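# Observations on the three-dimensional arrangement
As a plain string of letters, each chain reads:
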Amino acid sequence: MERGCRNLFGYQDRFSDESSACSILPLGIVMKLLIFALCVVSAFGGLSAQKPVWQPSPGHTQVPIWPGRVPDPQSVAGPEFAETTAKPWMDTGRPATGVSNVTRPTMTVYPPKGNNTGIAVVVFPGGGYQGLAIDLEGTEVCDWLTPGGITCVLLKYRVTDVGPYPKSGPYPESPMALEDAQRTVGLVRFHAAEWHIDPHKIGVLGFSSGGHLVAAISNHFDHRLYPAVDAADKESCRPDFAVAIYPGHLSLSAAEWDAKQGVKKFVVPHPANADKELALNPDLHVTRQTPPTFLLQAEDDHVDNVDDSLAYYIALKKAGVPVEMHLYAQGGHAFGLRRTKLPITGWPQLVETWLRTIGMIPE
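Description of the structure in this document.

Reading guide: rules and limits
- Residues numbered from 1 in each chain as written.
- Predicted model: local features only at pLDDT ≥ 70, side-chain atom pairs only at ≥ 80, totals over all residues.
- Heavy atoms only, no water.
- Buried < 20%, exposed > 50% of the residue type's maximum accessible area, 1.4 Å probe, protein only.
- Helix = DSSP H or I, 4+ residues; strand = E, 2+ residues; numbered from the N terminus.
- Pairing = 2+ DSSP bridges.
- Axes fitted to C-alpha atoms, helices over the stretch in contact; angles between N-to-C directions.
- Contact = heavy atoms within 4.5 Å.
- Arc of directions from axis to C-beta.
- Core = buried A, V, L, I, M, F, W, Y, C linked by side-chain atoms within 4.5 Å.
- Phe/Tyr/Trp six-rings, centres within 6.5 Å; stacked < 30°, edge-to-face > 60°.
- Lys NZ or Arg CZ within 6 Å of the ring centre and 35° of its normal.
- Salt bridge = Lys/Arg side-chain N within 4 Å of Asp/Glu carboxyl O.
- Disulfide = S-S within 2.5 Å.

### Observations concerning the pairing of strand 6 (residues 106-110)
Of all the five residues making up strand 6, four are buried; the element is thus mostly covered by neighbouring parts of the structure. Summarising the sheet, strand 3 (residues 62-64) and strand 6 pair through three bridges and their orientation is antiparallel. Looking across to strand 6, one finds that Gln62 is bridged to Thr108. Sheet analysis places strand 6 next to strand 9 (residues 151-156), joined by five bridges and oriented antiparallel. The residue bridging Tyr110 from the neighbouring strand is Cys152, located in strand 9.

### A closer look at the sheet that holds strand 7 (residues 120-124)
If you walk across this open sheet you meet the eight strands as 3-6-9-7-10-11-12-13, and the pairing is mixed. Of all the strands in the sheet, just strand 3 and strand 13 (323-328) have a single pairing partner and so form its edges. Shown here is a sheet whose adjacent strand axes are inclined to one another by a mean of 20°, direction ignored. Of the strands in this sheet, strand 7, strand 10 (202-207) and strand 11 (241-245) touch helix 4 (residues 209-219), which is tilted by about 145° from strand 10.

### Quick notes on helix 7 (residues 347-357)
Three or more residues of helix 7 are buried, namely Trp347, Pro348, Val351, Trp354 and Leu355. For helix 7, the angular spread of buried residues about the axis comes to 115°, placing them on one side. Of the exposed residues in helix 7, those oriented more than 90 degrees away from the buried face are Gln349 and Thr357. Buried residues belonging to helix 7 abut helix 2 (135-145), strand 10, strand 11, strand 12 (293-298) and strand 13. Backbone geometry just downstream of helix 7 places Gly359 in the positive-phi region, at approximately 85°.

### Quick notes on the sheet that holds strand 5 (residues 97-100)
Strand order in the open sheet made by the three strands is 4-5-8, with antiparallel pairing throughout. Two strands in the sheet have a free side with no partner beyond their single neighbour: strand 4 (81-84) and strand 8 (132-133). Judged from the four bridges that link them, strand 4 and strand 5 form a sheet pairing that is antiparallel. In the sheet register, Glu83 faces strand 5, and the bridge partner there is Gly98.

### Re the nonpolar core
Counting 84 residues, the largest nonpolar core has Phe124, Tyr157 and Trp347 as the members making the most contacts within it. Ignoring sequence-local partners within four residues, the contact set of Tyr157 consists of Val102, Pro105, Phe124, Pro125, Gly126, Tyr129, Leu132, Ala177, Asp180, Ser209, Gly210 and Leu213. By size, the runner-up hydrophobic cluster in this structure holds five residues, among which are Leu252, Ala259, Val268 and Ala279.

### Some details on the packing of aromatic side chains
Aromatic ring pairs are defined here through the distance separating the ring centres and the angle between the ring planes. The final tally for this structure, using the stated rule, is eight aromatic pairs. Between Trp144 and Trp347, the ring centres sit 5.5 Å apart and the planes meet at 80°, which makes this aromatic pair edge-to-face. Remark: Trp347 occurs in helix 7 and Trp144 occurs in helix 2; sequence separation between them is 203 residues. Taken individually, Trp144 and Trp347 each receive the classification buried, so the pair is uniform in this respect. On the basis of an interplanar angle of 70° and a centroid distance of 4.9 Å, the ring pair of Tyr246 and Phe335 is categorised as edge-to-face. Of this pair, Tyr246 sits in the loop between strand 11 and helix 5 (252-259) while Phe335 is found in the loop between strand 13 and helix 7, placing the two residues 89 residues apart along the sequence. Taken together, the ring pairs connect Trp144, Phe207, Tyr246, Phe335 and Trp347 into an aromatic cluster. One Lys or Arg, Lys51, reaches over the ring of Phe81 and ends 4.7 Å from the middle of that ring. Sitting above the plane of the Phe221 ring, Arg238 keeps its charged end 5.9 Å from the centroid.

### Some details on the pattern of salt bridges
For the structure on display, the rule yields twelve salt bridges. Glu140 is the partner of Arg338 in a salt bridge, and the nearest nitrogen-oxygen pair spans 2.7 Å. Here Arg338 is found in the loop between strand 13 and helix 7, whereas its partner Glu140 is found in helix 2, with 198 residues between them in sequence. You can call Arg338 buried: its relative accessible area is 2%. The shortest N-O distance in the salt bridge between Glu256 and Lys276 comes to 3.2 Å. One end of the pair, Glu256, is in helix 5; the other, Lys276, is in the loop between helix 5 and strand 12, with 20 residues separating them in the sequence. On the basis of relative accessible area, Glu256 is assigned to the buried category, the value being 9%.

### Comments concerning the state of the cysteines
Within this structure, the stated rule accounts for one disulfide. Here Cys142 is linked by a disulfide to Cys152, with a sulfur-sulfur distance of 2.1 Å. Since a negative S-S torsion denotes a left-handed disulfide, the Cys142-Cys152 link at about -60° is left-handed. Taken together, the positions of Cys142 in helix 2 and Cys152 in strand 9 put the pair ten residues apart, joining distant regions of the chain. Given a relative accessible area of 0%, Cys152 falls into the buried group.

In structure tokens, the structure reads:
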């Protein structure tokens, strides 16, 4: 069964060791965790008294997705703030910015440049449902998509990081992020004509926990988790396609790990003989209505195990859902769109090709 320890960037490290827990990991793994934690601490440094907030680039505006009170509000440790690493993030050569304490979710629309394909992609940054990697897995996605004629909608969903995980964790332990995702896809479809979007070409793309959010909305679209607040909530929130990059929380093993972390424990129902590594998280009810899906993960990902992608792939295939999966031996986790020497970082071209094969982009 996968177990893990949360690092300071919001991600959680899991290891396939039935007898291991965070306090009794093998020495080599403990040292790797310690080195990683020290690097992150050094990179982020101490918080200043004046904490900056994230703002999109000039010409773009954050728009609140809820017209009034948000559903299922949660307490928060303090005001929202953004923090940028002092050193380059991993091997990408550039710093990364994280956003924390999000209680008022927003969307930022990045219009397409050049020939408009009519496609829109709602982007879910990762961060372990504790923070958001807002540039690495957010704005940089829009920088890639918009020159190709694709509208990019960056969702800054709620991450409160208050109390033991998973208080602001994956659905169903915490509904807030999925509520925000459902609301945003409905809003994009509601404004499709105004924003020159084809309402049948609205997809979702997410990383890590955002990859789980991709799977969650791909299978929880027929019923909103909140009472409708306006006409946008009458629109379908089903994505027309889905892209999950190094996703987490998808296997039965991961679901059991999640369910044991908070103050309130959850029982994850499953058959007694289930293969926990390759069985699907039972909160994801895959059907033929689940949208076509693209999956990508590295086999040496020690934050979210490659079994997460494998479990979801198997469930999609069994349900007859078109799915394409790419696994690489090396790549780790949280590389976003930044090119490194590793082949896995060339994945955006694979997604562009896939969008053509499923008919989203004309040949």
